[in-house]
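Listed here are the chains, written in short residue letters.
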Amino acid sequence: MSEWTPAAPTTAGGEPRSDAASVSDEAARERLLYLRGSIDNLDAALVHLLAERFKCTQQVGELKARHSLPPADPAREATQIARLRRLAEDAKLDPAFAEKFLNFIIEEVVRHHKAIAQSAGAEANGA
Ligand SMILES: O=C(O)C(=O)C[C@]1(C(=O)O)C=C[C@@H](O)C=C1
């Protein structure tokens, strides 16, 4: 099998690229690397923020299970969604995306709450 080699850089007209074009390609590559470094930092921050949020919701789930409170609270969710949509608009983030993102997280939290309630119930029944 023949090995693939990249074509020599040419302009749109097929002329060999000038040095200026190579320099700007190099600058673009550096910029891309720089931006990806920031994206990696932001993704790490998101993971840490989510981990802290789930630590809190774990405690909420345990509290709810101990006091026989329902796992989901639709009124609280509506307040959170309205608030997050306002924050997203101010931050120039698509509010529909912010709502979808929060719903995605809350869905997972409610799933955890139900599991906690179920295992607390099983324990109370001597399991
Ligand atoms: O505040 C609560 O009651 C929670 O259980 C936390 C939380 C959330 O993740 O923000 C999750 C489920 C509820 O429906 C509402 C909010």
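Residues numbered from 1 in each chain as written. Predicted model: local features only at pLDDT ≥ 70, side-chain atom pairs only at ≥ 80, totals over all residues. Heavy atoms only, no water.

- As recorded by an unreviewed UniProt entry, the protein carries the name Chorismate mutase and is attributed to Streptomyces ochraceiscleroticus.

1. Structural notes on the site of the ligand
Here is step 1: With respect to spatial proximity, 13 residues lie near the ligand, and among them K64, D73, E77, Q80 and H113 are the closest.
Here is step 2: Between an oxygen atom of the ligand and a main-chain N or O atom of D73, the distance comes to 2.8 Å.
Here is step 3: Across the complex, the protein chains shield 90% of the 360 Å² of accessible surface that the ligand would expose by itself.
Here is step 4: Looking at the shell around the ligand, the elements with two or more residues in it are α1 (19-66), α2 (74-90) and α3 (95-124).
Here is step 5: Of the residues that constitute the shell around the ligand, the class distribution is 5 nonpolar, 3 polar and 5 charged. (Near = heavy atom within 4 Å. Polar contact = N/O pair within 3.5 Å; in protein donor to acceptor, adjacent residues only side chain to side chain. Areas by Shrake-Rupley, 256 points an atom, 1.4 Å probe, with all protein chains shown as cover. Helix = DSSP H or I, 4+ residues; strand = E, 2+ residues; numbered from the N terminus. Nonpolar A, V, L, I, M, F, W, Y, C, P; charged D, E, K, R; others polar.)

2. Concerning the packing of α2 against α3
Here is step 1: Where α2 contacts α3, the two axes come as close as 8 Å, and the packing angle between them is 145°. In the crossing of α2 with α3, the sense of the turn from one axis to the other is right-handed. Residues E77, Q80, I81, L84, R85, A88 and E89 of α2 touch α3, and the partners they reach there are P95, A96, A98, E99, L102, N103, I106 and V110.
Here is step 2: Tallied by class, residues from the contact of α2 with α3 come to 9 nonpolar, 2 polar and 4 charged. (Axes fitted to C-alpha atoms, helices over the stretch in contact; angles between N-to-C directions. Left-handed = near helix turned anticlockwise from the far one by under 90°. Contact = heavy atoms within 4.5 Å.)

3. Brief notes about the pattern of salt bridges
Here is step 1: This structure, assessed with the given rule, holds 4 salt bridges.
Here is step 2: Across the pair R29 and E26 runs a salt bridge, and its minimum N-O distance is 3.5 Å. Of this pair, R29 and E26 are both found in helix α1, 3 residues apart, which corresponds to roughly one turn of the helix.
Here is step 3: With a closest N to O distance of 2.7 Å, R111 and E108 form a salt bridge. Here E108 and R111 lie together in helix α3, a separation of 3 residues that amounts to about one turn. (Salt bridge = Lys/Arg side-chain N within 4 Å of Asp/Glu carboxyl O.)

4. Observations regarding unusual backbone geometry
Here is step 1: The backbone phi angle of S68 is positive, close to 50°, even though this residue is not glycine.
Here is step 2: With respect to the helices and strands, the residue S68 is situated in the loop between α1 and α2.
Here is step 3: Judged by its relative accessible area of 67%, S68 falls in the exposed class.
Here is step 4: Positive phi is not limited to glycine here, since K92 has a value of about 60°.
Here is step 5: Secondary-structure assignment places K92 in the loop between α2 and α3. (Buried < 20%, exposed > 50% of the residue type's maximum accessible area, 1.4 Å probe, protein only.)

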